[in-house]
Amino acid sequence: MGTGGRGRQGRAARRHGGPGGERGRRTSSTRRGRILLWSAGVLAVLVLGAAGAGAWIYGELDGNIHAADVDNRIGGERPRNMSPGSKNILVVGSDSRAGGNAAYGKGLETMQSDTLMVLHLAADREWATAVSLPRDSWVRIPACDRGDGTRSKPHSFKINASFAIGGTGGDVGTAAACTIRTVEQNTGLRIDHFVSVDFQGFKGMVNALGGIEVCPEAAIRDEKARLDLEAGCQTVRDEDALGYVRTRYSVGDGSDIGRIGRQQEFMKALAAKARQTLTSPADLYGFLDSATRSITTDRALAGIKPLSALAAEVKGIPADRLTFLTVPNYAREADVPSDRANVVWQYPQAADLFDAMAEDREPDRKALEAAAADPVHARSVRVRVLNGTGVAGRAAQAAEELRDLGYTVVGTGNAPDPADRTAVLHAPGMADHARVLTSRLDGVTAHPDERGAGQVLTLVIGPDYPGAA
């Protein structure tokens, strides 16, 4: 029986619905927190506002929420929804340098995404999983509408660049569309809705609560984040609150993964304080006004009523059935020694996670964490590519795709016989390496080969070769 490819076969079926060390290894599990801002912290408070505010306040808050035309801008070749009734919601923390955000970062004229997360709500609403996608994830960014009359070319870069590319013309809709397109093509998940929240709205929410207490163990001096904090517990608001959740290089190991953890703790504290202190109409209105002014959604979610309905669904999920993860990843330096700034998703664990979400299967956090504890880096997977199609150049093309993903290609050539189907052949004991490779090849399975060349895998290209993704 062949090994590998199970998840990739499932992804192939849904892909097109139409025309080393602590720094080198990242864990997949993160504490619940960021979702508490976006759901319980913002959306759940919207439920309170909708229930307790007068009709005129309701109408005013409802008019604050911005709607963006996204569906008509994403383009074709979108994944098929494999679990009708479930929902995948892309949450974007917008780092736009326009307007009131202009002080954050010099020379950045386009929109930026500071936070990316996919929230999956199960069809039966009995469980939910939120997966953070580090902004420094090195992925393939597809061609996108820039929003200024031009179109970008496909290329590889960090995932948050997709928001900037789509937002070249200053429109959140095209920015979100490019990010959705990028997330869909790299995960195989069909995104149903998106929510974007910007910097200024975040500050307004914190200020409406009188600030949030943080307790840094060491002083933080970060010029880029405009932050100067002493060690110890203190209440932050305004620019300090914003700087605290943005700081990166001056704290811990300087990674985006570390920043995600700090953001999650801060958002958890914000949500808790919101539930405790928003008791007066004035305080509630100030918080809701800031929250709703900062939100941009797709047209279907643009309003107090649909956002409140979404919040109610999230609140109804048992606490022990909410799973919070960061996509399994490791430092790209392990594959590309010159890159010390980015991370790559860890396969096959990332593919397994996305497959489970697409098929509406509840991810097992502990199992995923255990599987991700000892990553097989793409660079350690050595591959020989053989062309079994009879069409010149197919092996060279596939080899280039694999090198772009970090795999070590040791040679190319022609297969001794024509191949009806693409396959990966591996020697006994190399099944794990084979699965790392097949997890990037839609529908391709791996087969043991007693004649296999030691630690080198053989990829035989057939006419069905899907391309590496």
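## Notes on the overall build of the protein
Scanning the protein from terminus to terminus reveals 15 helices and 20 strands. For the protein, with 469 residues in total, the buried portion stands at 55%. Only carbon and sulfur atoms are counted for the fraction: they give 50% of the accessible area of the protein, which is about 19,300 Å².

## Some details on the pairing of strand 2 (residues 87–94)
With respect to burial, strand 2 is a largely interior element, seven of its eight residues being buried. Where strand 2 and strand 7 (residues 193–198) come together, six bridges link them in parallel fashion. Residue Val91 lies in a different strand from strand 7, and its bridge partner there is Val195.

## Re the state of the cysteines
Applying the stated criterion to the full structure yields two disulfides. Through a disulfide, Cys144 is tied to Cys178; the S-S separation comes to 2.3 Å. Where Cys144 bonds to Cys178 through sulfur, the torsion about that S-S bond is close to 85°, and the disulfide is right-handed. Here Cys178 lies in helix 6 (residues 172–187) and Cys144 lies in the loop between strand 5 (138–141) and strand 6 (155–158), a separation of 34 residues in the sequence. The residues Cys144 and Cys178 share a single accessibility class, namely buried. One disulfide bridge connects Cys215 with Cys233, the sulfur atoms lying 2.0 Å from each other. One quick way to see it: the torsion about the S-S bond of Cys215 and Cys233 is about 110°, and its sign makes the bridge right-handed.

## Overview of the nonpolar core
Residues Leu121, Phe202, Tyr244, Phe266 and Leu270 are the most contacted members of the largest nonpolar core, which totals 43 residues. Residues within four places of Phe266 in sequence aside, it is in contact with Phe202, Val206, Ile212, Val214, Val236, Ala241, Tyr244 and Val245. Core analysis: the next-biggest nonpolar cluster, separate from the first, contains 36 residues, Val70, Val131, Phe354 and Ala358 among them.

## Let's talk about helix 11 (residues 304–315)
In a regular helix each residue adds 1.5 Å, so twelve residues correspond to 16 Å; helix 11 covers 16 Å between its end C-alpha atoms and thus fits that length. For helix 11, the full list of buried residues reads Ile304, Leu307, Ser308, Leu310, Ala311 and Val314. Along the axis of helix 11, the buried positions cluster into a sector of 160°, meaning they face one direction only.

Cut-off values and rules
- Residues numbered from 1 in each chain as written.
- Predicted model: local features only at pLDDT ≥ 70, side-chain atom pairs only at ≥ 80, totals over all residues.
- Heavy atoms only, no water.
- Helix = DSSP H or I, 4+ residues; strand = E, 2+ residues; numbered from the N terminus.
- Buried < 20%, exposed > 50% of the residue type's maximum accessible area, 1.4 Å probe, protein only.
- Areas by Shrake-Rupley, 256 points an atom, 1.4 Å probe, with all protein chains shown as cover.
- Pairing = 2+ DSSP bridges.
- Disulfide = S-S within 2.5 Å.
- Core = buried A, V, L, I, M, F, W, Y, C linked by side-chain atoms within 4.5 Å.
- Contact = heavy atoms within 4.5 Å.
- Expected span 1.5 Å × (residues − 1).
- Arc of directions from axis to C-beta.

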